[in-house]
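Here's the letter readout for the chains.
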Amino acid sequence: MANGKINVAVENIFPLIKKFLYSDHEIFLRELISNATDAISKLKHLSSIGEVKGEIGDPGIEVKVDKDNKKIHIIDQGVGMTSEEVNKYINELAFSGAEEFLEKYKDNAKDSGIIGHFGLGFYSAFMVAKKVEIITQSHQEAPAAHWTCDGSPEFTLEETEKKERGTEIVLHIADDSTEFLEEARIRELLNKYNKFMPFPIKFGTREETLPLPKDAKEDAKPETQTVDHIINNTHPAWTKSPSELKEEDYKSFYRELYPMQFEEPLFNIHLNVDYPFNLTGILYFPKIKNDLNLQKDKIQLYQNQVFVTDNVEGIVPEFLTMLRGVIDSPDIPLNVSRSYLQSDGAVKKISNYITRKVADKLSSLFKKDRKGYEEKWNDIKVVIEYGMLTEDKFYEKADQFMLYPTTEGEYLTYSELETAVKNTQTDKDGKLVFLYASNVEDQHQYIESAKNKGYKVLLLDSPIIAHLIQKLEGDKDKIAFARVDGDAVEKLIKKDEAVVSKLSDEEKERLKPLIEAVISGEKYSVQLEAMDSAELPFVLTQPEFMRRMKEMQQTGGGMMGAFPEMYTLLVNTNHELVGQILQTKTANKRERLIQQALDLARLSQNLLKGEALTAFLKRSVDLIK
Ligand code: ADP
Ligand code: MG
């Protein structure tokens, strides 16, 4: 047996970095600007505790593209490094100066906003550069250092001249990465990753129009001057305290985040915690359409104002991925896999916190301005319903702000709904039955008929409502939801005494087979019912259960196999026409009446199509001519 140490040949590490360290080569710029930002954060911190003497001014960062010489320069006015520090922080791979700094100043540097973590970011430069130079002047009294490395493990480190404090990184761009020599490409990257970083980042210049002097002539042209182009907003709204911000500030920040978005957000939620984890951010409720998939991946995740990703899956509960906005947390690990994120305790806590904040906001909006909340209801209901379905914590709170709109334009809370139908809508088992429609046009006739009976009809038309109803029924005691065109309506115990049937039992026994004989080819089960004479002669209903299972299946309910179409044909024994069907002597006429009544019922359920529709039209014309 032999013990030993696997010898990792350092020669091989650069190709590995190049290939695998980051899947996205473009992040090299984010990493180098993060280091530059850290260098300035450190300088500011050291100055604030007196370790750096004198004025430090307003240090910033500059990015320059030198296309002719195939170089990119990243220049900062931060702490800089002595040659000992270069040896320690750069030559020792995977040694993070950022972590060391935080460790050393742990009592007071916690909030200094240091980004670095793993001591690998710098080497991402080799994903795009064949040679990298560091020219750096420390804030301490020490000669400037010049480090050069061509991607092999050999480097040179020598003294050099540099007047200004800070560091310049020079990337000699490799032949396979020349896309990064395009100014437009770099601008795009800066805009994506660095738009909200805390220190000014200069990239190129821009023309600024000067105001005209007061005594200018009418046809005078305004003068322009060339100024530095600062690409970032160093104090984005989420880093400020809510008390500093007005409604308009939130809106203009929204426009800054989504310049191509022309619709205003409905409202926002400012997130701000520092214990037990650190998190700030602003979430916006946009108008949410009924299409669930179109609107994901709009929330941006930042770490200390550096853009990380717009895939927040796992950090934000799924139902909230339909929102927009920004989340910033130093506690969310930057470069780790999604599966790790999902099992990470801090991440789970963050997700719970966000859920709670959203629930609290909704409930306070409802309490403070019910009318305004009701007006927004149709644009936010999908998120709320989805949240109730998927997050138990949210579901528990939702009774305070979930609304049940009626076809009459009222918006009821659950308890208001209960009170409203308590005395009128119970079935034989004593269950409260909430009637609802999913489409006021298609179900018009059923809605009218239910309203005429004094019932309240809700309007529940979200794509996932069947799932939610199912959950509510399982959770609340003795209630059921039933669609107006379903089979439940006729089973309700009516408040006024039941309608008396005009047909005797003997007549009914004769009637049923007559009808069944005509419709034998159809899959309807016939049921005689003494309804109001103003109702249609025949009414088609579908069992609530069947229809709902079908709907749930369509929106991911899990059950396999197609459900059969099943309908009940209610025959209104009190209708004049039904009396005629019974009395008529000629079989032909009876058949025609039955067929016509059935087609009318099918028409009202949107079931009359094709050949059957043609036959119906022809028969109708024959009847009236
Ligand atoms: P990390 O940022 O995770 O610590 P990096 O590989 O990005 O790891 O950088 C390694 C270290 O090199 C940094 O922690 C820092 O001490 C030093 N460093 C890198 N870039 C700069 C810079 N622009 N100014 C000063 N120090 C720097
Ligand atoms: Mg770094």
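Before reading on, note that the structure itself is shown above.
Residues numbered from 1 in each chain as written. Chains lettered and ligands numbered in written order. Predicted model: local features only at pLDDT ≥ 70, side-chain atom pairs only at ≥ 80, totals over all residues. Heavy atoms only, no water.

1. Observations concerning the overall build of the protein
Right, on to step 1. For the protein, the count of helices and strands is 18 helices and 21 strands.
Right, on to step 2. Buried positions account for 47% of the 625 residues belonging to the protein.
Right, on to step 3. Pairs at least 24 residues apart make up 70% of the contacts formed inside the protein by residues separated by at least 6 positions.
Right, on to step 4. Accessible surface for the protein amounts to roughly 32,400 Å². Of this, 50% is attributable to carbon and sulfur atoms. (Helix = DSSP H or I, 4+ residues; strand = E, 2+ residues; numbered from the N terminus. Buried < 20%, exposed > 50% of the residue type's maximum accessible area, 1.4 Å probe, protein only. Contact = heavy atoms within 4.5 Å. Areas by Shrake-Rupley, 256 points an atom, 1.4 Å probe, with all protein chains shown as cover.)

2. Comments concerning the packing of helix α13 (residues 465-475) against helix α15 (residues 544-554)
Right, on to step 1. Interhelical geometry of α13 versus α15 gives an angle of 125° and a closest axis separation of 8 Å. With respect to each other, α13 and α15 are oriented oblique. Side by side, α13 and α15 meet where Ala-466, His-467, Ile-469, Gln-470 and Glu-473 of the first sit next to Arg-548, Met-549, Glu-551 and Met-552 of the second.
Right, on to step 2. The class makeup of the residues in the contact of α13 with α15 is four nonpolar, two polar and three charged. (Axes fitted to C-alpha atoms, helices over the stretch in contact; angles between N-to-C directions. Parallel < 35°, antiparallel > 145°, perpendicular 65-115°, else oblique. Nonpolar A, V, L, I, M, F, W, Y, C, P; charged D, E, K, R; others polar.)

3. Focus on the packing of helix α17 (residues 587-604) against helix α18 (residues 610-624)
Right, on to step 1. Between α17 and α18, whose axes approach to 10 Å, the crossing angle comes to 125°. As judged from the angle between their axes, α17 and α18 are oblique. With respect to the hand of their crossing, α17 and α18 are arranged in left-handed fashion. On the side of α17, the interface is formed by Arg-592, Gln-595, Gln-596, Asp-599, Leu-600, Arg-602 and Leu-603, while α18 contributes Ala-612, Leu-613, Phe-616, Arg-619, Ser-620 and Leu-623.
Right, on to step 2. In the contact of α17 with α18, the residues fall into six nonpolar, three polar and four charged. (Left-handed = near helix turned anticlockwise from the far one by under 90°.)

4. Points about the sheet that holds strand β18 (residues 479-483)
Right, on to step 1. Ordered in space as β17-β16-β18, the three strands form an open sheet in which the pairing is parallel. With one partner strand each, in any of the chains shown, β17 (457-459) and β18 form the two edges of the open sheet. The sheet shows a mean angle of 40° between the axes of neighbouring strands, taken without regard to direction.
Right, on to step 2. On top of the sheet, helix α11 (residues 414-421) reaches β16 (432-437), β17 and β18; it is set at about 105° to β16, its chief contact. (Pairing = 2+ DSSP bridges.)

5. What about the sheet that holds strand β12 (residues 306-309)?
Right, on to step 1. The sheet built from five strands is open, its strands ordered β9-β10-β13-β11-β12 with mixed pairing. Each edge of the sheet is formed by a strand with only one pairing partner; in this case those strands are β9 (267-273) and β12. Taking each pair of neighbouring strands and ignoring which way they run, the sheet shows an average axis angle of 20°.
Right, on to step 2. As defined by bridge partners, strand β11 (residues 299-303) adjoins strand β13 (residues 324-328) across four bridges and the pair is classed as parallel.

6. A word on the side chain of Glu-385
Right, on to step 1. With respect to the secondary-structure elements, Glu-385 resides in helix α9 (residues 370-390).
Right, on to step 2. Beyond its immediate chain neighbours, meaning those up to four positions away, Glu-385 contacts Met-402, Ser-462, Ile-464, Ile-465 and Leu-468.

7. Let's talk about empty space enclosed by the protein
In this approach, a probe sized like a water molecule rolls over the atoms, and the result shows the empty space that is left.
Right, on to step 1. Enumeration according to the criterion identifies three cavities of 30 Å³ or more in this entry.
Right, on to step 2. In this structure, the largest cavity occupies an estimated 110 Å³ of space.
Right, on to step 3. Surrounding the largest cavity, 13 residues form its lining, Tyr-446, Ser-449, Val-484, Glu-490 and Val-539 being those nearest its centre.
Right, on to step 4. Residue assignment for the lining of the largest cavity shows that the elements contributing at least two residues are α12 (444-452) and β20 (538-541).
Right, on to step 5. Ranked by residues supplied to the lining of the largest cavity, first place goes to α12 with three residues.
Right, on to step 6. Its residues assigned to classes, the lining of the largest cavity comprises six nonpolar, four polar and three charged.
Right, on to step 7. Viewed by domain, the lining of the largest cavity spans two of them, domain 3 (403-491) and domain 4 (505-624), each represented by three or more residues. (1 Å grid on protein atoms, 1.4 Å probe; cavity = no way out; pocket = protein on both sides within 12 Å on 5 of 7 lines; lining within 4 Å. Points joined across faces, edges and corners; volume = space filled by probe spheres on them. Domains from an automatic or database assignment.)

8. A short note on the packing of aromatic side chains
Right, on to step 1. Under the defined criterion, the tally for this structure stands at 24 aromatic pairs.
Right, on to step 2. Residues Tyr-524 and Tyr-567 carry aromatic rings whose centres are separated by 6.2 Å and whose planes lie at 75° to one another, so their mutual orientation is edge-to-face. Here the residue Tyr-524 occupies a position in strand β19 (residues 524-529), and Tyr-567 occupies one in strand β21 (residues 567-572), the gap between them amounting to 43 residues.
Right, on to step 3. On the basis of relative accessible area, Tyr-524 is assigned to the buried category, the value being 16%.
Right, on to step 4. Note on Tyr-567: relative accessible area 11%, which makes it buried.
Right, on to step 5. What links up through ring pairs into an aromatic cluster is the set Tyr-193, Phe-196, Trp-238, Phe-253, Tyr-302 and Phe-307.
Right, on to step 6. Stacked on the ring of Tyr-258, the Lys or Arg Arg-324 has its end atom at 5.9 Å from the ring centre. (Phe/Tyr/Trp six-rings, centres within 6.5 Å; stacked < 30°, edge-to-face > 60°. Lys NZ or Arg CZ within 6 Å of the ring centre and 35° of its normal.)

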